[in-house]
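# What the coordinates show
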Number of protein chains: 4
Amino acid sequence: MRNHNDDSNFVDTAAEAAEGIDDDRRALMGLAAGSLACALFGLPPTAAQAAGGIGVVGAAQAQPAPSAAAIAPWWPSKWGKDDQIGATNLVTPAKILDALKLVKTGKVYEMSHLYESSMPVFGQRGFTLRIPGAPTGGPLGANNVIYHDEFVAGEIGQVGTQLDGLGHIGMAFKGEDKNEMRFYNGFTEAEMSDAYGLKKLGIEHVRPIITPGHLFDLVGVRGRDLNLGEEITIADLEAAMRRQNMAPDAVKPGDCVFLYTGWGSLWNKDNATFVKGEPGLGIPAAKWFIEKQVVLIGADTWGVEVVPNPDSSLAFPVHQELLAKNGIHIHENLDTAALAADSVWTFCYIMLPLLIKGATGSPGRPIALV
Amino acid sequence: MRNHNDDSNFVDTAAEAAEGIDDDRRALMGLAAGSLACALFGLPPTAAQAAGGIGVVGAAQAQPAPSAAAIAPWWPSKWGKDDQIGATNLVTPAKILDALKLVKTGKVYEMSHLYESSMPVFGQRGFTLRIPGAPTGGPLGANNVIYHDEFVAGEIGQVGTQLDGLGHIGMAFKGEDKNEMRFYNGFTEAEMSDAYGLKKLGIEHVRPIITPGHLFDLVGVRGRDLNLGEEITIADLEAAMRRQNMAPDAVKPGDCVFLYTGWGSLWNKDNATFVKGEPGLGIPAAKWFIEKQVVLIGADTWGVEVVPNPDSSLAFPVHQELLAKNGIHIHENLDTAALAADSVWTFCYIMLPLLIKGATGSPGRPIALV
Amino acid sequence: MRNHNDDSNFVDTAAEAAEGIDDDRRALMGLAAGSLACALFGLPPTAAQAAGGIGVVGAAQAQPAPSAAAIAPWWPSKWGKDDQIGATNLVTPAKILDALKLVKTGKVYEMSHLYESSMPVFGQRGFTLRIPGAPTGGPLGANNVIYHDEFVAGEIGQVGTQLDGLGHIGMAFKGEDKNEMRFYNGFTEAEMSDAYGLKKLGIEHVRPIITPGHLFDLVGVRGRDLNLGEEITIADLEAAMRRQNMAPDAVKPGDCVFLYTGWGSLWNKDNATFVKGEPGLGIPAAKWFIEKQVVLIGADTWGVEVVPNPDSSLAFPVHQELLAKNGIHIHENLDTAALAADSVWTFCYIMLPLLIKGATGSPGRPIALV
Amino acid sequence: MRNHNDDSNFVDTAAEAAEGIDDDRRALMGLAAGSLACALFGLPPTAAQAAGGIGVVGAAQAQPAPSAAAIAPWWPSKWGKDDQIGATNLVTPAKILDALKLVKTGKVYEMSHLYESSMPVFGQRGFTLRIPGAPTGGPLGANNVIYHDEFVAGEIGQVGTQLDGLGHIGMAFKGEDKNEMRFYNGFTEAEMSDAYGLKKLGIEHVRPIITPGHLFDLVGVRGRDLNLGEEITIADLEAAMRRQNMAPDAVKPGDCVFLYTGWGSLWNKDNATFVKGEPGLGIPAAKWFIEKQVVLIGADTWGVEVVPNPDSSLAFPVHQELLAKNGIHIHENLDTAALAADSVWTFCYIMLPLLIKGATGSPGRPIALV
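Anyway, here's the lowdown on the structure attached to this text. None of the values given here were measured: they were computed from a predicted structure. (Residues numbered from 1 in each chain as written. Chains lettered and ligands numbered in written order. Predicted model: local features only at pLDDT ≥ 70, side-chain atom pairs only at ≥ 80, totals over all residues. Heavy atoms only, no water.)

Here the focus is the overall build of chain A. When you go through chain A residue by residue, the secondary structure sums to 12 helices and 18 strands. Out of the 370 residues in chain A, the part that is buried amounts to 69%. (Helix = DSSP H or I, 4+ residues; strand = E, 2+ residues; numbered from the N terminus. Buried < 20%, exposed > 50% of the residue type's maximum accessible area, 1.4 Å probe, protein only.)

A word on the pairing of strand β12 (residues 256-260) of chain B. Residues and elements named next belong to chain B. Counting buried residues in β12 gives five out of five residues, a clear majority hidden from the surface. The two faces of β12 match: Cys256, Phe258 and Tyr260 on one face and Val257 and Leu259 on the other face are all buried. Sheet topology places strand β10 (residues 209-217) next to β12; five bridges connect them, and they run parallel. What sits directly across from phenylalanine 216, in β12, is leucine 259. (Pairing = 2+ DSSP bridges.)

Take the packing of helix α8 (residues 234-243) of chain C against helix α10 (residues 283-291) of chain C next. Residue and element names in this part refer to chain C. Remark: α8 packs on α10, axes separated minimally by 8 Å, with the N-to-C direction vectors making an angle of 55°. Judged on the interaxial angle alone, α10 and α8 are oblique. Listed contacts from α10 to Ile234, Leu237, Glu238 and Met241 of α8 are Pro284, Ala285, Trp288 and Phe289. Along the lines of polarity and charge, the residues of the contact of α8 with α10 split into seven nonpolar, no polar and one charged. (Axes fitted to C-alpha atoms, helices over the stretch in contact; angles between N-to-C directions. Parallel < 35°, antiparallel > 145°, perpendicular 65-115°, else oblique. Contact = heavy atoms within 4.5 Å. Nonpolar A, V, L, I, M, F, W, Y, C, P; charged D, E, K, R; others polar.)

Turning our eyes to something else, we now look at the interface of chain B and chain A. Facing 101 residues of chain B, the contacting portion of chain A comprises 101 residues. Both faces combined, the contact of chain B with chain A buries some 8,200 Å², and carbon together with sulfur accounts for 65% of it. Per-residue buried area on chain B facing chain A is highest for His148, Leu355 and Arg365 of chain B; these three make up 10% of the total on that side. Summed over the shared surface of chain B and chain A, the number is four salt bridges. Across the pair lysine 357 of chain A and glutamate 116 of chain B runs a salt bridge, and its minimum N-O distance is 2.5 Å. One can count 40 residue pairs in polar contact (both at pLDDT 80 or more) joining chain B with chain A. (Buried area = accessible area lost by both parts, 1.4 Å probe. Salt bridge = Lys/Arg side-chain N within 4 Å of Asp/Glu carboxyl O. Polar contact = N/O pair within 3.5 Å; in protein donor to acceptor, adjacent residues only side chain to side chain.)

All right, on to the relation of the copies chain B and chain A then. Between chain B and chain A, which share one sequence, the superposing operator has a rotation angle of 180° and an axial displacement of 0.0 Å; the RMSD is 0.0 Å. Between the two chains, the operation in question is that of a two-fold axis. Closest to the rotation axis within chain B is the C-alpha of alanine 153 of chain B, separated from it by 2.1 Å. Interface overlap between copies is the fraction of interface residues in one copy that are interface residues in the other; for chain B against chain A it reaches 100%, indicating a shared surface. (Least-squares fit on C-alpha atoms with pLDDT ≥ 70 in both.)

With that settled, consider the relation of the copies chain C and chain D. Rotating chain C by 180° about the axis while translating it 0.0 Å along that axis superimposes it on chain D, leaving an RMSD of 0.0 Å. When you check the interface residues of chain C against chain D, 99% turn up at the interface there too, and the contact is symmetric in its surfaces.

With that settled, the discussion passes to the sheet that holds strand β3 (residues 127-130) of chain D. Across the sheet, which stays open at both edges, the four strands sit in the order β3(C)-β6(C)-β6(D)-β3(D) with antiparallel pairing between neighbours. Bordering the open sheet on either side are β3 (127-130) of chain C together with β3 of chain D, each of which pairs with just one other strand. For this sheet the average axis-to-axis angle between neighbouring strands, irrespective of direction, equals 15°. Across four bridges, the pairing between β3 of chain C and strand β6 (residues 151-154) of chain C is antiparallel. Directly across from threonine 128 of chain C, in β6 of chain C, lies its bridge partner alanine 153 of chain C.

All names here are of chain A. All chains considered together, the criterion is met by 60 salt bridges over all chains. For lysine 325, the salt bridge identified is with glutamate 321, shortest N-O distance 3.0 Å. With lysine 325 and glutamate 321 both in helix α11 (residues 317-326) and four residues apart, the pair spans about one turn of that helix. We classify lysine 325 as partly exposed; its relative accessible area is 26%. Overlapping salt bridges, with partners in common, bring together Arg222, Arg224, Glu230 and Asp236 in one network.

Moving on, we get to the side chain of aspartate 194 of chain D. All names here are of chain D. Mapped onto the elements, aspartate 194 comes out in the loop between α6 (189-192) and β10 (209-217). When its relative accessible area of 9% is taken as the criterion, aspartate 194 is described as buried. Polar side-chain contacts of aspartate 194 include one of 2.7 Å to the backbone nitrogen of tyrosine 196.

Okay, the environment of leucine 323 of chain A next. Residue and element names in this part refer to chain A. Within the secondary structure, leucine 323 sits in helix α11. Given a relative accessible area of 0%, leucine 323 falls into the buried group. Spatially, the C-alpha atom of leucine 323 lies 9.9 Å from that of asparagine 185, the residues being 138 residues apart in sequence. When near neighbours in sequence (up to four residues on either side) are disregarded, leucine 323 contacts Asp164, Gly165, Leu166, His168, Ile169, Tyr184, Ile328, His329 and Ile330.

It is worth spelling out helix α11 (residues 317-326) of chain D at this point. Residue and element names in this part refer to chain D. The element α11 is extensively covered by neighbouring structure, given that eight of its 10 residues are classed as buried. When we look at burial in α11, the residues that qualify are Pro317, Val318, His319, Gln320, Glu321, Leu322, Leu323 and Ala324. After α11 finishes, the residue glycine 327 shows a positive phi value of roughly 65°.

Let us now look at the packing of aromatic side chains. What describes a pair of aromatic rings is the distance from one ring centre to the other and the angle between the planes of the rings. Across all of its chains, the model carries 42 aromatic pairs over all chains by this definition. Consider the rings of tryptophan 75 of chain A and phenylalanine 173 of chain A, whose centres lie 6.0 Å apart with planes at 90°: the pair is edge-to-face. Residue tryptophan 75 of chain A is located in the loop between α4 (56-62) and α5 (93-100), and its partner phenylalanine 173 of chain A is located in the loop between β8 (169-172) and β9 (181-182); the two are separated by 98 residues in the primary sequence. One aromatic cluster is present, built from ring pairs that chain together Trp74, Trp75 and Phe173 of chain A. A cation over an aromatic ring shows up here: lysine 292 of chain C above the ring of tryptophan 288 of chain C, its NZ or CZ 4.4 Å from the ring centre. (Phe/Tyr/Trp six-rings, centres within 6.5 Å; stacked < 30°, edge-to-face > 60°. Lys NZ or Arg CZ within 6 Å of the ring centre and 35° of its normal.)

In this fold, glutamine 158 of chain C is placed in the loop between β6 and β7 (162-164). Classification of glutamine 158 of chain C by relative accessible area gives buried; the value is 3%. Dropping the residues within four chain positions of it, glutamine 158 of chain C is found in contact with Arg125, Asp164, His168, Thr360 and Gly361 of chain C together with His148, Asp149 and Glu150 of chain D.

Often, the extent of an interface is quoted as the loss of accessible area upon association of its parts. Of the residues lining the interface, 101 residues belong to chain C; the matching set on chain D comes to 100 residues. Summed over both sides, the interface of chain C with chain D buries roughly 8,200 Å², with 65% coming from carbon and sulfur. In terms of surface lost to chain D, no three residues of chain C exceed His148, Leu355 and Arg365 of chain C, which account for 10% of the buried area on that side. At the boundary of chain C with chain D, the tally comes to four salt bridges. Looking at side-chain class alone, the side of chain C that touches chain D contains 59 nonpolar, 25 polar and 17 charged residues. As judged from the three bridges shared by β6 of chain C and strand β6 (residues 151-154) of chain D, these two strands associate in the antiparallel manner.

Looking now at the sheet that holds β9 of chain A. If you walk across this open sheet you meet the four strands as β9(A)-β8(A)-β5(B)-β4(B), and the pairing is antiparallel. Across the chains shown, the open sheet's two edge strands, defined by having one partner strand only, are β9 of chain A together with β4 (137-140) of chain B. Its contacts with the sheet place α11 of chain A against β8 of chain A together with β5 (145-147) of chain B, and it is angled at close to 95° to β8 of chain A.

Here we come to helix α5 (residues 93-100) of chain D. All of the buried residues in α5 of chain D are Pro93, Lys95, Ile96, Ala99 and Leu100 of chain D. End-on, the buried residues of α5 of chain D take up no more than an arc of 155°, which puts them together on one face. Its buried side turned inward, α5 of chain D meets α5 (93-100), β2 (108-110) and β18 (367-369) of chain C together with β10 and β16 (346-351) of chain D. (Arc of directions from axis to C-beta.)

Written out as structure tokens, the structure reads:
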């Protein structure tokens with residue numbers, strides 16, 4: 001309670017409020033005080049904590065401008081300076097035909113979780129659904145028709161099984177100047193941002209994705225579920241291919257690739273652990289896929305890449321490599337367990353991102369057809 | 001302004017508020033006073049107005065219980081008393097293979113409009129999108145990562161290009177008693193309704209829909225765009241098939257059918273007219289499709305069926321025939337113009353409804369593959 | 001993951017979904033399986049559990065119609081059959097003048113908590129706030145103006161410090177029949193309910209509440225904070241008055257009364273315990289206040305009444321006594337600690353409910369002026 | 001419809017989407033193409049259009065950095081470099097007592113409109129309310145309790161009758177650099193902005209406002225309702241005071257002032273005209289009030305200041321003068337008609353902004369007590 005006593009006693013609530021923000025966020029993620037930067041990012045604590053509170057946190061506070069040598073401009077894209085669709089340029093009709101040729105039985109593997117309020121979400125994102133009325137309307141007419149609607153509020157392109165669009169991730173080259181914040185193909189925050197939807201790189205630009213998909217069974221490689229912070233290396237990927245009898249050149253330009261790490265078994269069962277971090281791709285393995293010109297990388301984790309990164313100064317560097325620098329989509333919170341259980345290593349992958357104008361990502365119901 | 005003067009002068013705002021509700025709704029749809037019932041249903045005025053304000057309105061006010069003879073119970077379903085997926089039972093792996101065989105070139109026709117706040121919506125439904133922050137988070141880490149999210153609020157399963165789930169439409173048999181409000185397979189409002197998501201018939205039960213689709217080009221039949229309130233008859237459908245050189249048995253059990261009426265040309269161009277009513281299926285034509293055991297009927301209109309219905313006492317009877325009585329989905333606000341322009345009459349239709357637990361419908365990005 | 005194998009292998013997700021709902025809700029409140037009914041109510045477990053899972057749960061499942069003898073109709077109200085403002089009829093200009101006479105120093109005690117996403121909420125209610133853009137708009141004009149908005153989604157009349165309106169609570173007399181669900185003054189669910197706002201008893205009918213307020217310091221009476229499930233009795237209230245040197249007739253018709261139980265010290269510190277239950281009024285103490293013709297009862301708890309009720313078959317009976325039967329408002333999640341600390345027993349209470357048409361409650365910033 | 005034909009036929013939807021954004025916004029406000037900048041600001045067209053599409057639009061496009069001479073820093077504030085409450089520093093207990101002394105009869109004048117989805121809002125702001133379920137929960141317990149909640153989504157601090165907080169308006173000194181965007185007391189966008197609530201100058205810092213209020217009846221001065229774009233001058237304010245027999249020094253430091261322009265008669269009756277522009281304060285009249293050290297300026301318009309400004313190069317300069325430079329609140333969309341009708345020129349004004357952490361403004365139920 002704030003007492004307003006006399007002039008000198010009017011308590012300014014600023015300090016209280018500011019303190020409350022920190023408390024709130026720490027409480028949210030169960031983070032220690034030192035990891036505020038991680039909490040701001042809406043993400044789990046990284047190796048920074050293990051390293052004694054330096055690393056990401058210190059780096060974030062300092063926000064050092066990367067040197068020009070370190071960060072070369074990644075634009076214009078190989079598809080031209082106006083391109084907004086990135087790697088999905090490779091999803092051509094011919095590619096679609098290649099994918100459909102993989103379907104022999106018509107069996108469907110669902111790769112999406114249910115969207116529900118109990119699912120794990122990161123940071124302060126949310127998902128709520130309400131049914132207005134019961135029923136929403138009616139009875140009306142001699143036929144006494146009644147009907148239901150649903151009202152949803154939340155970060156629908158960034159919760160649950162979701163595809164990251166090319167407008168999701170960028171890099172700040174010069175502090176808080178929006179003209180120096182860059183995304184795919186060099187588009188700047190100043191050009192893109194709008195309170196009512198991104199003006200560039202919105203999810204509505206993404207093509208329907210129907211293309212061959214390949215599963216990399218890391219659980220099979222390791223003989224166990226992967227652990228938090230466990231990096232997937234090029235050697236791991238190569239081992240998976242050998243184990244699965246995949247030809248060295250099995251992954252073609254325009255294909256999609258998926259990881260089975262076992263981390264997804266925590267989904268809606270132990271959400272607290274699930275969001276704390278994850279096993280996933282390190283930068284070298286990501287580059288290995290980039291060289292193969294994949295269109296999309298998905299996993300049974302919330303971020304596809306290893307978190308925390310082995311280099312504790314880095315925050316989600318693989319996201320930048322894939323989305324910002326190479327226009328390659330990331331598909332998160334997939335269910336890849338049944339594919340692995342059935343040894344389905346290659347399939348026709350179908351994901352149809354919603355045409356939500358200006359959105360940063362999309363929910364969807366990705367499937368594998370065999 | 002409400003003055004609070006002395007005891008007798010305290011103005012109760014009830015009258016004002018009640019009046020305001022009516023004003024609000026009438027204003028919303030540009031409806032005359034007599035069509036309140038239509039506005040309550042969140043839908044355009046029906047023939048009731050043409051009939052002098054009786055019809056739907058009067059019927060709705062009286063809410064006559066249909067006689068037992070008139071409305072025979074439609075349950076249990078042919079797929080058993082517990083079935084929640086209706087006609088999508090017919091979308092089997094074999095059916096999926098049939099559909100894929102129709103793909104020769106890999107060309108994609110998009111059948112979805114963009115989701116945007118300017119799109120026409122019915123009644124008081126809404127769709128809003130905001131980008132929190134600019135960017136939403138960062139810069140963080142030595143790599144200065146930044147990111148965007150989006151926050152969406154609205155009836156996302158019932159606005160824009162959307163699939164009606166089996167929990168969307170029902171019939172009230174006994175006024176306001178929820179135990180006597182019935183949906184597909186006889187599920188009652190009392191069993192189904194929950195403020196946080198339908199407990200039965202939620203959209204998460206719907207299978208991925210990959211099946212042969214057939215377009216009926218009514219614009220071709222008429223030689224012009226169809227008009228508001230213009231009923232599509234069995235004869236029209238047969239004429240379309242002849243004109244398109246479709247075999248009489250072209251539509252097989254498990255297939256989907258689509259209408260091209262030309263009404264969709266008003267989308268986001270003349271929203272006021274678009275939502276006022278529409279051309280569409282009458283009850284006989286709907287039953288003709290039901291006999292063919294289709295899985296889904298779609299159109300370039302907001303309701304697929306003719307509105308107002310020629311029988312002005314009825315409110316959306318075709319919705320009841322399809323969804324409640326036969327478990328057949330309705331796909332609304334589709335874009336079918338380009339298919340018609342290219343004379344694409346049969347194709348592989350793919351629609352992957354989102355697995356939103358307890359939702360009444362789903363957005364999506366339906367496509368036609370040829 | 002759901003596999004779609006062959007016809008017989010298409011897994012219907014109904015069972016999974018239904019099970020998921022239960023899991024979700026149990027997880028939400030940390031409730032045992034037996035207390036599903038409590039969870040449905042979005043509220044903490046009651047004595048039902050202690051009593052072996054009967055009580056509320058069993059009662060709710062059976063939904064026995066109260067006998068006519070047990071539940072006499074409470075309508076029409078003493079203010080006439082059309083009245084929608086209940087006890088605030090007593091907040092007359094004369095009453096307002098009485099309240100202002102209590103102000104001697106102009107000191108303000110704030111009785112509201114901050115509204116923030118970290119605050120404890122019940123069941124599946126929520127509160128989210130986003131700032132669209134950064135800034136939301138601009139720079140514009142030669143003066144480079146920029147601006148911020150905020151976007152809020154949630155049950156804003158039923159989270160945080162909030163006033164229950166007369167449309168919030170009722171009683172079902174005959175199962176699921178909306179014509180037999182009654183609220184204040186006998187208004188029925190069928191008359192009131194509308195998906196877009198209550199048609200009767202909306203919060204917009206409530207008068208500004210400026211009236212004498214009295215604090216009952218139960219912590220002072222007990223010599224300690226009250227415990228979960230601890231009932232406040234008439235004897236407790238009388239003891240508080242004696243201890244605070246309040247005259248036996250200190251509480252006049254039209255006044256407000258408030259409880260200090262100490263339970264509020266858990267606010268945003270131990271939310272899990274805070275929402276599990278609470279100390280509060282039993283039915284006899286509530287009736288004692290009703291006889292005094294108070295306008296509003298508030299407390300530093302989320303429900304003002306004792307939860308679980310000593311009679312484990314009852315769910316929130318005091319809410320029904322106050323709101324539905326007597327038109328007396330309930331003000332929840334107040335901060336009454338500083339008033340008690342300063343021994344401020346009587347004050348000018350000001351609460352100005354928002355005129356949100358059709359809302360069930362209101363946020364606000366209640367204050368005590370002395 | 002977007003056709004995906006062969007590689008060269010894949011239509012990139014970027015151009016379509018970008019064009020769509022413009023169309024959307026123009027449609028929203030009925031604006032001509034030249035006034036995009038106005039539409040982006042979510043506000044009505046200004047004199048820029050009358051001036052041939054230059055003015056605001058051209059200025060906004062050029063975004064010239066104001067010269068140092070023209071725009072002197074307005075910080076630190078007279079209440080110190082850390083102050084976040086601005087002019088409400090003047091609302092002391094003594095001031096509150098002064099205000100209460102004005103109350104003679106206890107009569108309440110309500111100054112708030114109803115919050116409802118039909119009310120006029122600016123740009124793309126919104127307000128929606130849904131009642132989840134019917135009822136939301138229950139029946140539960142032997143007492144068969146039932147209850148209703150409401151779910152609200154929208155810019156609740158910036159729609160309807162609303163108070164602008166000090167975090168609402170600022171000025172960009174150097175294009176898109178957030179370190180050079182300044183608000184009250186010099187706080188920068190970089191310091192303040194957060195996707196989940198302002199970190200500085202949130203509405204939770206504002207004190208309860210109980211202070212003498214003075215109405216300026218411009219309709220009385222003019223003998224008619226004021227017109228769109230009609231500036232209120234110092235001479236007008238002085239004429240109002242003379243006409244109302246107010247002493248020249250009637251407005252004291254810490255008081256609030258209100259305008260009655262007649263524009264509010266359009267509220268919810270002709271929303272399209274209401275939001276197109278408005279009569280209101282010019283810069284000189286605003287400075288006249290600033291010199292008098294008022295705490296808040298309100299009006300029966302959506303922006304208090306004249307729109308468009310007579311200097312067509314300026315966008316909302318009075319907002320900057322009041323909020324950013326002087327920490328004086330603005331109260332918009334008030335109902336001041338009944339006060340004027342009863343010649344109530346001075347009164348006790350009570351406005352209790354909600355303690356929403358990080359919000360930019362607040363709804364409320366302001367009242368005038370006499």
